[in-house]
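Chain by chain, the residues run as shown.
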Amino acid sequence: MSQTRSQRVAHLLCVAIMVSLPACHARTTSDYSLAPITLQQTEELLDADGGQWFGLQGQHVITFVDPRSESDYVKAHIPGAIHVPFSNVEAKFHQVQGGGILIVYGSRYEDPLAKAMSKRLIELGAADVRTLDGGIRSWEQAGKPVVSGKKPMPSDVEVNGGG
């Protein structure tokens with residue numbers, strides 16, 4: 001039995017709608033999706049865990065995420081921070097997945113890269129993402145420790161945040 005033109009169009013329209021339905025469930029974000037965190041709130045989180053960034057059985061309680069360029073990360077980063085370039089976040093998401101509270105920081109106040117990274121992590125399914133107000137600049141201005149180099153050292157991870 002031959003289909004009429006209107007039946008074919010209706011069939012194609014139904015197929016197009018069905019194919020596009022999964023996109024309707026995609027997680028979208030805006031600036032309203034972001035959860036900023038102040039330096040004081042970050043210190044309180046660190047103090048609540050006895051200054052340790054790891055909880056029971058070595059599980060991450062707080063993970064700092066640095067989306068800046070590799071050269072900026074190598075120059076100075078928050079101790080224990082994981083360098084996840086924004087351009088490579090999908091491939092490196094496994095490094096921060098399950099990392100407890102993800103605190104993303106950029107170079108400065110209202111850093112667009114930090115905001116974009118926070119949004120992308122939320123879209124990828126990270127449960128608790130916060131964006132550090134002031135970025136590494138406010139961290140350094142408050143006299144908090146920074147380290148240089150490519151990989152965080154184990155001793156860098158257990159830094160007392162109250163300092």
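For the structure, check the block above.
Residues numbered from 1 in each chain as written. Predicted model: local features only at pLDDT ≥ 70, side-chain atom pairs only at ≥ 80, totals over all residues. Heavy atoms only, no water.

**Some words on the environment of D133**
Consideration 1: In this structure, D133 sits in the loop between β5 (129-132) and α6 (135-141).
Consideration 2: Overall, the relative accessible area of 32% leaves D133 in the partly exposed class.
Consideration 3: Sequence separation between D133 and E110 is 23 residues; the distance between their C-alpha atoms is 7.1 Å. (Helix = DSSP H or I, 4+ residues; strand = E, 2+ residues; numbered from the N terminus. Buried < 20%, exposed > 50% of the residue type's maximum accessible area, 1.4 Å probe, protein only.)

**Considering the sheet that holds strand β1 (residues 36-37)**
Consideration 1: The strand order across the open sheet built from five strands is β1-β5-β4-β2-β3, with neighbouring strands paired in parallel fashion. Only two strands of the sheet have a single partner each, and these edge strands are β1 and β3 (82-83).
Consideration 2: Two elements, strand β4 (residues 101-104) and β5, share three bridges in a ladder whose sense is parallel. Pairing of L102 across the sheet is with V129, part of β5. (Pairing = 2+ DSSP bridges.)

**A few points about the packing of helix α4 (residues 89-96) against helix α5 (residues 112-124)**
Consideration 1: Direction vectors running N to C along α4 and α5 enclose 75°, while the axes themselves pass 11 Å from each other. As summarised for this structure, α4 and α5 are arranged roughly perpendicular, according to the angle between their axes. Facing V89, E90, F93 and V96 of α4, the residues of α5 in contact are M117, R120, L121 and L124.
Consideration 2: By residue class, the composition of the contact of α4 with α5 is six nonpolar, no polar and two charged. (Axes fitted to C-alpha atoms, helices over the stretch in contact; angles between N-to-C directions. Parallel < 35°, antiparallel > 145°, perpendicular 65-115°, else oblique. Contact = heavy atoms within 4.5 Å. Nonpolar A, V, L, I, M, F, W, Y, C, P; charged D, E, K, R; others polar.)

**Concerning helix α2 (residues 39-48)**
Consideration 1: What α2 keeps buried is the set L39, T42 and L46. On an axial view of α2, the arc spanned by its buried residues comes to 60°, and they lie on one face. The exposed residues of α2 that point more than 90 degrees off its buried face are Q40 and A48.
Consideration 2: Here the buried face of α2 lies against β1, β2 (62-66), β4, β5 and α6. (Arc of directions from axis to C-beta.)

**Digging into the pattern of salt bridges**
Consideration 1: Counted according to the given criterion, the structure contains seven salt bridges.
Consideration 2: In this structure, E43 engages K144 in a salt bridge whose closest nitrogen and oxygen atoms are separated by 2.6 Å. Of this pair, E43 sits in helix α2 while K144 sits in the loop between α6 and α7 (154-157), and the two are 101 residues apart along the sequence.
Consideration 3: Residue class for K144 comes out buried when judged on its relative accessible area of 8%.
Consideration 4: Among the ionic pairs, R68 bridges to D66, the shortest N-O distance being 2.8 Å.
Consideration 5: The class of R68 is buried, set by a relative accessible area of 7%.
Consideration 6: For D66, a relative accessible area of 0% translates into the label buried. (Salt bridge = Lys/Arg side-chain N within 4 Å of Asp/Glu carboxyl O.)

**Describing the pairing of β4**
Consideration 1: Across the two faces of β4 the burial is the same, with I101 and I103 and L102 and V104 all buried.
Consideration 2: Bridge count between β2 and β4: four bridges; the pairing is parallel. Looking across to β4, one finds that V65 is bridged to V104.
Consideration 3: Between β4 and its parallel partner β5, the chain crosses via α5, and the hand of that crossover is right-handed. (Right-handed = clockwise from strand over helix to strand, strands pointing away.)

**Details of the packing of aromatic side chains**
Consideration 1: In this structure the tally under the stated criterion is one aromatic pair.
Consideration 2: Aromatic pair F64 and W139: ring centres 5.5 Å apart, planes at 70°, arrangement edge-to-face. Note that F64 is positioned in strand β2 and W139 in helix α6, a separation of 75 residues in sequence.
Consideration 3: Since its relative accessible area comes to 1%, F64 is described here as buried.
Consideration 4: Overall, the relative accessible area of 2% leaves W139 in the buried class. (Phe/Tyr/Trp six-rings, centres within 6.5 Å; stacked < 30°, edge-to-face > 60°.)

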